[in-house]
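A structural walkthrough
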Amino acid sequence: RPSYFIEGGILDEGAKLLVAGPEKSGKSLLVGQLALSLAAGANWLGFRVPQPQRVLYIQLEVAEWRLEERFKRQVQAFGVHVSDEMYQRLYAYTDFSFNLSTAAQRDHLSELVDIARPDVLILDPLYFLHSYDSNDESQMSILTQMLNGLLKEVKALVVVAHHAKDTQDLRMRRPAQRISGSGVLSRWPDSILTLESRKPTEKATLSFTLRNAEAPPRTTMRLDPRTWMFEPVLEMTEARPGQEEDD
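Below: a short report on this structure. (Residues numbered from 1 in each chain as written. Predicted model: local features only at pLDDT ≥ 70, side-chain atom pairs only at ≥ 80, totals over all residues. Heavy atoms only, no water.)

Digging into the overall build of the protein chain
- In terms of helices and strands, the protein chain carries 6 helices and 11 strands.
- Evaluated residue by residue, the protein chain yields a buried proportion of 51% over its 247 residues.
- Taking contacts inside the protein chain between residues at least 6 apart in sequence as the whole, the part at least 24 apart equals 64%.
- For the protein chain, the accessible area works out to roughly 12,800 Å², and carbon and sulfur atoms hold 46% of it. (Helix = DSSP H or I, 4+ residues; strand = E, 2+ residues; numbered from the N terminus. Buried < 20%, exposed > 50% of the residue type's maximum accessible area, 1.4 Å probe, protein only. Contact = heavy atoms within 4.5 Å. Areas by Shrake-Rupley, 256 points an atom, 1.4 Å probe, with all protein chains shown as cover.)

Below you can see the structure in the form of structure tokens.
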């Protein structure tokens, strides 16, 4: 069977993926779309997902009813023929008090994993999941070691959504350098997806930083307000001065 969950080195078996972006850029909608694509075995933003996977999505940011509303809209875009089986493979869990810094909560996570038996574990967002100092390298090393340990419990992968520094900071040019907190977090994942947008329904860009493959070109997208799904769009290039259009 394939040794990857999303082609091109974006999400390999046993790998760690970090989704980063400023507040209100649409990260959670993008990650929810990723979860549904994996559960359905449907391509994600044009990248091949070879087969359906079991997904456990733990989120600590929006109310459970709102998450259900998001998923209902997004599922419609996949079609009725895949929705039932998709829901059987997708487990969503909302708990605003969830914190991996405590042994009791880590034990609770193990219980959730035993119940859902996921191939893919999604944690969203990272900064709500711990009580450590994000700017302290030693404390962030403890956190990343803890996250690495989760790979022994889930079948293959850990996907983490994390807020990023202001993309307007001219001193931070590379996407991997825009991640908030200690540099440990930018060195930890195998893949980093950086989402940038001021208004996702008009334009958003997704950049790729991959450890085990050549990164694909930056993807330009827009968020469809009817389905809350990101869709790739083609950017029109302006003609150079003096260049005429073909008849």
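Some remarks on the side chain of R54
- Turning to its location among the elements, R54 is positioned in the loop between α1 (27-40) and β4 (55-59).
- At 5.8 Å, D119 is the nearest oppositely charged side chain to R54, a buried residue that forms no salt bridge.
- Setting aside anything within four residues of it in sequence, one finds R54 in contact with Q88, R89, Y91, A116, R117, P118, D119 and V120. (Lys, Arg positive; Asp, Glu negative; His and termini not counted. Salt bridge = Lys/Arg side-chain N within 4 Å of Asp/Glu carboxyl O.)

Remarks on the packing of α1 against helix α2 (residues 64-76)
- The interhelical angle for the contact between α1 and α2, taken along N-to-C directions, is 55°, at an axis separation of 10 Å. As summarised for this structure, α1 and α2 are arranged oblique, according to the angle between their axes. By crossing handedness, the relation of α1 to α2 is classed as right-handed. For the pair α1 and α2, contact is made by S28, L29, G32, Q33 and L36 and by R70, F71, Q74 and V75, respectively.
- Within the contact of α1 with α2, the residues separate by chemical class into 4 nonpolar, 4 polar and 1 charged. (Axes fitted to C-alpha atoms, helices over the stretch in contact; angles between N-to-C directions. Parallel < 35°, antiparallel > 145°, perpendicular 65-115°, else oblique. Left-handed = near helix turned anticlockwise from the far one by under 90°. Nonpolar A, V, L, I, M, F, W, Y, C, P; charged D, E, K, R; others polar.)

Thoughts on the nonpolar core
- Judged by nonpolar contacts, the single largest core of 45 residues is most densely connected at I6, L38, W44, L206 and F230.
- Residue contributions to this core peak at 9 residues, all from α1.
- Once residues lying within four places of it in the same chain are set aside, the contact partners of F230 are S25, G26, L29, L30, Q33, L45, L195, P200, A204, M221, R222 and L223.
- Grouped together as the second largest cluster of nonpolar side chains are 28 residues, A20, L56, L123 and M146 included. (Core = buried A, V, L, I, M, F, W, Y, C linked by side-chain atoms within 4.5 Å.)

Quick notes on the packing of aromatic side chains
- This structure, assessed with the given rule, holds 4 aromatic pairs.
- A centroid spacing of 5.5 Å and a plane angle of 65° characterise the contact between F47 and F208, whose relative ring orientation is edge-to-face. Residue F47 is located in the loop between α1 and β4, and its partner F208 is located in strand β9 (residues 203-210); the two are separated by 161 residues in the primary sequence.
- For F47, a relative accessible area of 13% puts it in the buried group.
- Overall, F208 belongs to the buried group, its relative accessible area being 8%.
- Between Y127 and F128, the aromatic rings sit 4.2 Å apart at their centres with planes inclined by 40°, giving tilted as the arrangement.
- Judged by relative accessible area, F128 falls into the partly exposed class, the value being 35%.
- Between R73 and the ring centre of W228, over which it is positioned, the NZ or CZ distance is 3.9 Å. (Phe/Tyr/Trp six-rings, centres within 6.5 Å; stacked < 30°, edge-to-face > 60°. Lys NZ or Arg CZ within 6 Å of the ring centre and 35° of its normal.)

As for the pattern of salt bridges
- Counted according to the given criterion, the structure contains 4 salt bridges.
- The closest approach of N and O atoms between D190 and R211, which form a salt bridge, is 3.0 Å. With D190 in the loop between α6 (184-187) and β8 (191-199) and R211 in the loop between β9 and β10 (219-224), the pair connects residues that are 21 residues apart, well separated along the chain.
- On the basis of relative accessibility, which here comes to 13%, the residue D190 falls in the buried class.
- On the basis of relative accessible area, R211 is assigned to the partly exposed category, the value being 46%.
- Of the charged contacts in the structure, one is a salt bridge between K199 and E202, with a shortest N-O distance of 3.4 Å.
- Judged by its relative accessible area of 45%, K199 is partly exposed.

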